[in-house]
Structure formats: C-alpha cells, structure tokens
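# Inside the fold
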Amino acid sequence: MALAPAITDLEQLKDRPVVAALLTWNASAVQGAKFDREELSVYIARESIRQACEHLKEAGLVNFLSDLTCADYHPREPRFEVAYHLLSMKRKERVRLKVKLEGGDAAIESITSVWPAAGFFEREVFDLFGIRFLGNPDLRRILMPDDWEGHPLRKDYPVEGYR
Amino acid sequence: MAQATVTPVVDSQEPQEKTMILNMGPQHPSTHGVLRLLLEVDGEHIVRMMPDIGFLHTGIEKTCEAKFYQQVVPLTDRIDYLCPMTNNLCYVLAVEKLLGLEIPPRAVWMRVLLNELQRISSHLVWLGTHAMDIGAMSVFLYCFREREDLLRIYETVSGQRMMTSYFRIGGLAMDPPLGFFEKVKKFLDSFVEKIDEYENLLTGNFIFIDRLKGVAKLSAEDAIALGVTGPALRASGVDWDLRRDMPYCGYENFKFKVPVSQEGDVWARYVCRVEELRQSREIAKQALDGMPSGAFKADAPKVVLPDREKMKTQMEALIYHFKIVTEGFTVPEGEVYQAIESPRGEMGYYIVSDGTAKPQRVHMRSPSYANLQALSTMCEGKLIADVVAAIGSIDIVLGEIDR
C-alpha cells in the first residue's frame, strides 16, 4: 500500500465540515490545513485557539478532547507545535488543531474553560516543554519534581540529563 | 520565657479553620501503585482532592526519541504493564500508518486474539484488587489463578510472561508455536464458568453491593468534559467503544456487544467490566475459530527482519538484516495519532516522524492519565472510606500515568 501524497492546500480542504466551520467563523484564524494519512490537521493562529475550540464544540462538530500535546522542532523557529486532538463521537471523526509557538515566547491560552480535561494535559506540556498556558487554574509541574530545572522533552535537553 | 506572653491571634470575622489535610499514599496499598492523594477533609468528608503523580516517571517519551523505531516496542511494554500487548499494538499500528504498511490477515487476527486475552487478564487484575480493596480477599486468589493461565499462554507465544514485545512493526515476532491455539481454546472454553464463579462471589453479595452502589457517581457530561474513556465512560451511559465505532486492526470483522450502564457509579463500572470479560471471550473465540493461515509478517524487506533461515542462506536477506539492526529504517515525514481501546479506555499514540530512522516525537495518550482527573470530581463531598472504592473503579495503572 503506497502512501497517498498529503494534501496541504487549504482550497482543496475547505469543504470538510471542520475546516468550513472555522473558515466561516474566522478565516484569519486559519493559517493552513493538511490532510495526510487519513488525518486532518488545521493550523490555528495562537491567539484564537481557545475560541476555535469553543466554536467547534458549540457548533457540535467535536465534543471530546482526546489528547493535547506538543512537539519540539528545535532549532527551527517557531520551534513548538502544540497539537490538540479533538474527537466527534457523533460523526466518528477526529481533527487535529495545531498551533505554532516561538521558543522565546512560549505561551498560549488555556482551553480548560472549554474542556476541563485539558488541565492535566496542559500541566504535562508545561512541565516537559516549558510552555505556559495562560488561564490554567493549576499550572504546576506534574511529572517532574517541583524543584526540577529545565524541561526534559525540549530537544536541547540532553537525553541523559545534565550531569 | 517570652513565648508564654504570645497570645494566639484569632480573627473573629473569619470562620474557624475546620478542615485538615490528609496524606494518602504514595505507599498506600489501595492506590494500585505509587499514587499520592492529598485530601482536604472536614471530618469524614472530603472537601478537596489533589492527586499527586510522577513517582514512576522514567522519561519514556524522551527515551523513544533516541531509539530506532523498532527499538521503541519494548519500551511500550513497560508503560501499562497489565496489558503490554495492547501498548505494542497501538505503537505498531501508528508506525504502520506512518509507513503505509499492509499487514497480512494472520497477523491481524493474532493481534485481535491476543489483545482480547490481554483485556481479560487486565480486567482480572482489576477485579481481584478491586474486590480486595473492598474486603473480599478470596476473589483475588480466584482471579490470579486464571491470570496465571493467561500469563502461561503469553509465555508460550512470546517467551515472556509480562514484557512480551510480541507485536512488531509489520506483523508478529514469530508464528505462534505448536499447541498454542489448543491452549487458548482450552482456556476460553472453561472461562465462562470462571466468570460465573466470580459473579457468584460478588454480584449477589450484599456487603459488596452496599459498598459500591451509589458511590463515586460521575455524570455523562462530566465524564466527557473530563476526558474519561473506556468502561468508566460507558458506565456513565455514553455508548462509545473505539473497537466498534472507529474500528482498527480488523475489529470490524467481529461481532460483540458493548456493555453500557446508566448509573455512573462504582457498581455500574463493575457491571460493565464483568460483562466486558464475557464479550472479550466472545471476540477471542471468533478470532480463534476464524484464524487465517499464511504469513505472519508483511513482505517489506526494508522494514521487517528476514526469517532466520533466509538470513543464513541469502545474501540479500543478510544485508537487510544488517541494515535494519544497525541503521534502522527511515519513516516518511509526517504525523499520526492512532487510538485504540485499551482495557482502561482510549490509548493513543501520537508519533511525529522527521524522515529519519528515529522518531521526532512519541507521545502516549494514556487512558489512566485522563481518567485520574475525574477522581476529584467523583470523590469531593463524599466520604474518605469511598475513595478506595473509587480508585479501584477507574482501574488506574500508575506506570502508564507517569510514563
């Protein structure tokens, strides 16, 4: 089975329900979209992520936050890509919202007001990547000890740790 | 001394401090691992609960980034040690999706068969420990008797009782040995009686019912908002099972029912899981009866290790083997999120590939991690004595929470 090439053109994807809903809601918040390996990703502007989640939830297009995580693409800038995996139990479909973040200003609005489930996930990303989630009611380290220095999952953090 | 003259300052405007902080764990036997709960209590009632996790954090996600794709498989065993093959499956499915690799039917059915056996053995540990927490000691011994049979089956097929690493990218590690299917059949045939036996001990037991009914309720809305999945979600009345609703790994070929309860309490979770034991047995039976013959791994020489025999006789196979072992195999750039229904709920692997032989990022969405968040909602305002029942009912595995 050969891989189908990824569709990265927003024009071709604008008919998909989630993309269409986001475009009619606020076209300037949608920075791009990608359909690769049967999975849809939509790039969202940093300042609109909470509203985008809220809008999709209120429109009934998604209802469940499956996962929230991040990947570090150091030394590229913007180095962080926060990924929100949203699920619609009704349509049986997933969508991934992505937000790019600069290393020097790694802060983003929390979505705990939309899904309380984000609480632990955001704490984990904060702990391991050092991304601040503004509005998270309990933004503390969760997996590492409280007095730990550095954020282990950043690419410039050595695998063996600092000795 | 001067201290004697100090009078305590009491602000009459403020209510008197009534609550105290109680520390439960990390060495508490009912926390199923090393979970620490900070309980703010007012008498016997919990005002606030703050789970404190991370005691088992070993940085598996970071380690994955330093390994070849095929070397990550043994790491995934160690996340959820009660169902290692479920973790293997989720990871290999994600990588196979990245590669666009097609798996032969025999491997697919073997995966389903073993996954359902894993679900049974994981639920048996849950049932035994949960009942023991409540005070029914003997159920534990019954459950571990059957679990032992299952561990022997895993040993037969993979050589290991627990850290099996049996699923590989592209198929299985090896064809199941002679006598394996007979062993599984013998187990499945006798297992219905065993479930009846557990139910005889528990389902009609007044003490057990009294400890579970109406305890640690969770509404469907709360469960969805808090990211709860698996039997805990279905016990709250949400009819959602990834095996049926978003089939993966050939689950669309199997017939089974998804047990759902409406009450959302500990009892409902018990009922759902016990019914899942029966349904898993059904699926395993179907997988066993319809087991196709043929290859057990994909024909992809650049990804899958060649047979031992070929390696000794064919130069090409030897070269591929050498290449895979020393340099790994490259995976086309991209990202995938693969979710499967583990015994505890939605287990998801988010893998980002940058086109090299090592993953750029491996993230495990572990069901227990999200389910644990709901524990506070379940327990706040309730009695301390019910915390133990609530922890048992969400069936957490700390290895998968802390990773």
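Preceding this section is the structure that the text describes.
This report concerns the structure included in the present document. Just so it is clear, the model here is predicted, and its values are computed rather than measured.

## Focus: the overall build of chain A
Helix and strand counts for chain A stand at 4 helices and 7 strands. The secondary structure elements of chain A, listed N-terminal to C-terminal, are α-α-β-β-α-β-β-β-β-α-β. Its C-alpha atoms give chain A principal-axis dimensions of roughly 50 × 35 × 30 Å. Expressed as a percentage of the 163 residues in chain A, the buried residues total 40%. A separation threshold of at least 6 residues defines the contact pool for chain A, and within that pool the share at least 24 residues apart is 48%.

## Details of the overall build of chain B
Along the backbone of chain B there are 16 helices and 8 strands. A separation of at least 24 residues holds for 69% of the contacts in chain B among residues at least 6 apart in sequence.

## Things to note about the sheet that holds strand 5 (residues 93–101) of chain A
Residues and elements named next belong to chain A. Strands sit in the order 1-2-5-4-3 across an open sheet of 5 strands; the sheet is mixed. With partners counted over all chains shown, the strands left at the sheet margins are strand 1 (30–36) and strand 3 (64–72), one partner each. Geometrically, the sheet is characterised by an average inter-axis angle of 20 degrees between neighbouring strands, direction not taken into account. Sheet topology note: the strand 1/strand 2 (residues 39–44) ladder contains 6 bridges and is antiparallel. Counted as the bridge partner of Val-30 is Ile-44 from strand 2.

## Quick word on the interface of chain A and chain B
In this complex, chain A contributes 31 residues to the contact, which on the side of chain B involves 36 residues. Among the secondary structure elements, those contributing two or more residues to the side of chain A that touches chain B are strand 3, strand 4 (80–88), strand 5 and helix 4 (118–129) of chain A. Residue contributions to the side of chain A that touches chain B peak at 6 residues, all from strand 3 of chain A.

## A closer look at unusual backbone geometry
Leave glycine aside and you will find that most residues have negative phi; peptide bonds, for their part, are mostly trans. Residues and elements named next belong to chain A. Cis geometry is adopted by the peptide bond preceding Pro-75, which originates at His-74 and carries an omega value of 10 degrees. Position of Pro-75 relative to the elements: it lies in the loop between strand 3 and strand 4. The phi dihedral of Arg-37 falls on the positive side, at around 50 degrees, and the residue is not glycine. For Lys-92, which is not a glycine, the phi torsion comes out positive at approximately 55 degrees. Its place among the elements puts Lys-92 in the loop between strand 4 and strand 5.

## Concerning the nonpolar core
The biggest cluster of nonpolar side chains holds 166 residues, and the ones touching the most others in it are Val-82 and Ile-131 of chain A together with Val-95 and Ala-390 of chain B. The leading source of residues in this core is helix 4 (residues 105–134) of chain B, at 15 residues. Once residues within four sequence positions are removed from consideration, Val-95 of chain B is found in contact with Tyr-69, Ile-169, Val-331 and Ile-351 of chain B.

## Some thoughts on the packing of helix 14 (residues 367–379) of chain B against helix 15 (residues 385–394) of chain B
All names here are of chain B. In the contact formed by helix 14 and helix 15, the axes pass within 10 Å of each other and the chain directions differ by 150 degrees. The angle between the axes of helix 14 and helix 15 places the two elements in the roughly antiparallel class. The element helix 14 and its partner helix 15 pack so that their crossing is right-handed. Touching Asn-371, Leu-372, Ala-374, Leu-375, Met-378 and Cys-379 of helix 14 are Asp-386, Val-387, Ala-390, Ile-391 and Ile-394, all from helix 15. The class makeup of the residues in the contact of helix 14 with helix 15 is 9 nonpolar, 1 polar and 1 charged.

## Here we look at the sheet that holds strand 8 (residues 361–365) of chain B
Residues and elements named next belong to chain B. With respect to topology, 3 strands assemble into an open sheet ordered 6-7-8, the strand pairing being antiparallel. The open sheet has two edge strands, strand 6 (334–342) and strand 8, and neither has a second partner. Strand after strand, the sheet turns through a mean of 10 degrees between neighbouring axes, direction not considered. In this structure, strand 6 lies alongside strand 7 (residues 345–353), joined through 9 bridges in antiparallel fashion. For Tyr-337, the partnering residue across the bridge sits in strand 7 and is Tyr-350.

## Describing helix 14 of chain B
Residues and elements named next belong to chain B. For helix 14, spanning 13 residues, the distance from its first C-alpha to its last is 19 Å, which sits close to the expected 18 Å at 1.5 Å a residue. Largest kink in helix 14: about 25 degrees, centred on Gln-373. Taken across its 13 residues, helix 14 has 11 buried, putting it largely inside the fold. Every buried residue belonging to helix 14 is among Pro-367, Ser-368, Tyr-369, Ala-370, Asn-371, Leu-372, Gln-373, Ala-374, Leu-375, Met-378 and Cys-379, and all of these are buried. Phi for Gly-381, located one or two positions after helix 14, is positive at around 90 degrees.

Rules of the game
- Residues numbered from 1 in each chain as written.
- Chains lettered and ligands numbered in written order.
- Predicted model: local features only at pLDDT ≥ 70, side-chain atom pairs only at ≥ 80, totals over all residues.
- Helix = DSSP H or I, 4+ residues; strand = E, 2+ residues; numbered from the N terminus.
- Buried ≥ 20, exposed ≤ 12 C-beta atoms within 10 Å, placed from the backbone.
- Contact = placed C-beta atoms within 7 Å.
- Pairing = 2+ DSSP bridges.
- Axes fitted to C-alpha atoms, helices over the stretch in contact; angles between N-to-C directions.
- Core = buried A, V, L, I, M, F, W, Y, C linked by C-beta atoms within 7 Å.
- Parallel < 35°, antiparallel > 145°, perpendicular 65-115°, else oblique.
- Left-handed = near helix turned anticlockwise from the far one by under 90°.
- Nonpolar A, V, L, I, M, F, W, Y, C, P; charged D, E, K, R; others polar.
- Expected span 1.5 Å × (residues − 1).
- Bend = angle between axes of the 7 residues up to and from the residue.

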